[in-house]
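Below are the chains, spelled out letter by letter.
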Amino acid sequence: MGEAAASFLHMGDIISLYAEGNVSGFLSTLGLVDGRCVVCPEAGDLANVPKKFRDCLFRICPMNRYASQKQFWEAAKKSTDRTDPVLLRRLHHAAEVEKKQNETENKKCLGSVIQYGNVIQLLHLKSNKYLTVNKRLPALLEKNAMRVYLDPAGNEGSWFYMFPFYKLRSNGDSVVVGDRVILTPVNAGQQVLHVGANYELLDNPGCKEVNVVNSATSWKISLFLEHQENVEDILKGGDVVRLFHAEQEKFLTMDEYKRKQSVFLRLTARTSATSATSSKALWEVEVVQHDPCRGGAGHWNSMFRFKHLATGHYLAAETDEDPTPDNMRDKLRDGSGSVYHLVSVPYSHDLASLFELDPTTLTSRGDSLVPQNSY
């Protein structure tokens, strides 16, 4: 693929959307249960991305059909004892067929270049829900605006036109990564996806409401993961992993010890060590790139960071200067002079948090991809 083609936006790409204007910040969410969408200017910017950057990631999907599913939902909602069960079954079957057709269409469209004027859907990666507009409900705070929320199945309110913010591009042109765009719901007239600069959430100070109103907000598209990098069995930025010590059969864990976050190998009482499920042994992989918004697939010659999912702290290696007598430490010091131990650091810009991965089996090239479950 040529350099020019690689800079276009494709179906299946994973992106972040950064609002620019009176309020600047990433389009984000408030966890898995809360369906509201927000922009939190203090959380981070394009140079220093938010700590919870996974909350800001969306996959670009083609337009799903919802006519049969909508018919079934409406019939199921109104159903009583006198509702014809055969009719309900038929509607349910038609809805399932429509879902399968959507899946087939999604696979067919994967990798196609997106052009201005196309209709897309934005699937929130962490919650697996669609960014959706309900034109019948007012926004929770800005009452003259329409409500924006995350919907598990999506509906016709999940369809958005992508238009250029600046006039140097026009409808029919290919969308380039880094472009500023306007997102217009298909069924909402001239209204657009907007940040309510003067509407701050009472229960989440610093977070501004995202709604749909007749006032343009420019959204900058930043690429996190290209569609062709999103391979299931390959280690990628954003993946959540556990690090298992094969010899000792223990997971690398971070937990509080003597009021300080410590890194250690935790023994499990389970019969099989690999079945342990502590959230304190979960690490989010970051593939280090020049652009802080970029993730990507991990190669053996890539640099990595490991962010502890429960605390947001990073795994780092520092010189171990502990004078306490220890046979293993003494043995290693005799060999090389310096001994390192794993510690917790609060920030990603600490150089000690950068790691390289070396395969234990012979791989032909340093630029080959890192498979999941590697040793």
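The preceding data block contains the structure.
Below is a short write-up of the structure.

Parameters at a glance
Residues numbered from 1 in each chain as written. Predicted model: local features only at pLDDT ≥ 70, side-chain atom pairs only at ≥ 80, totals over all residues. Heavy atoms only, no water. Pairing = 2+ DSSP bridges. Helix = DSSP H or I, 4+ residues; strand = E, 2+ residues; numbered from the N terminus. Buried < 20%, exposed > 50% of the residue type's maximum accessible area, 1.4 Å probe, protein only.

Notes on the sheet that holds strand 16 (residues 260-266)
In space, the three strands of this open sheet follow the order 14-15-16, with antiparallel pairing throughout. Edge positions in the sheet fall to strand 14 (244-245) and strand 16, since each has one partner strand and no second. Bridging between strand 15 (residues 250-257) and strand 16 involves seven bridges; their strand directions are antiparallel. Pairing of Thr253 across the sheet is with Phe264, part of strand 16.

Considerations on the pairing of strand 8 (residues 160-164)
The two faces of strand 8 differ: Phe160, Met162 and Pro164 on one face are buried, but Tyr161 and Phe163 on the other face are not. As judged from the two bridges shared by strand 5 (residues 119-124) and strand 8, these two strands associate in the antiparallel manner. Bridging across to strand 8, Ile120 finds its partner in Phe160. Bridge analysis of strand 8 against strand 9 (residues 180-185) gives five bridges, and the strand direction is antiparallel. Note on strand 9: the bridge partner recorded for Phe163 is Ile182.

Some points on unusual backbone geometry
Excluding glycine, a negative phi dihedral is what most residues carry, and trans is how most peptide bonds are arranged. With a phi angle near 55°, Glu249 is a residue other than glycine that sits in the positive phi range. Mapped onto the fold, Glu249 is located in the loop between strand 14 and strand 15. We classify Glu249 as partly exposed; its relative accessible area is 47%. A positive phi angle is found at Lys258, which is not glycine, with a value near 55°. Position of Lys258 relative to the elements: it lies in the loop between strand 15 and strand 16.

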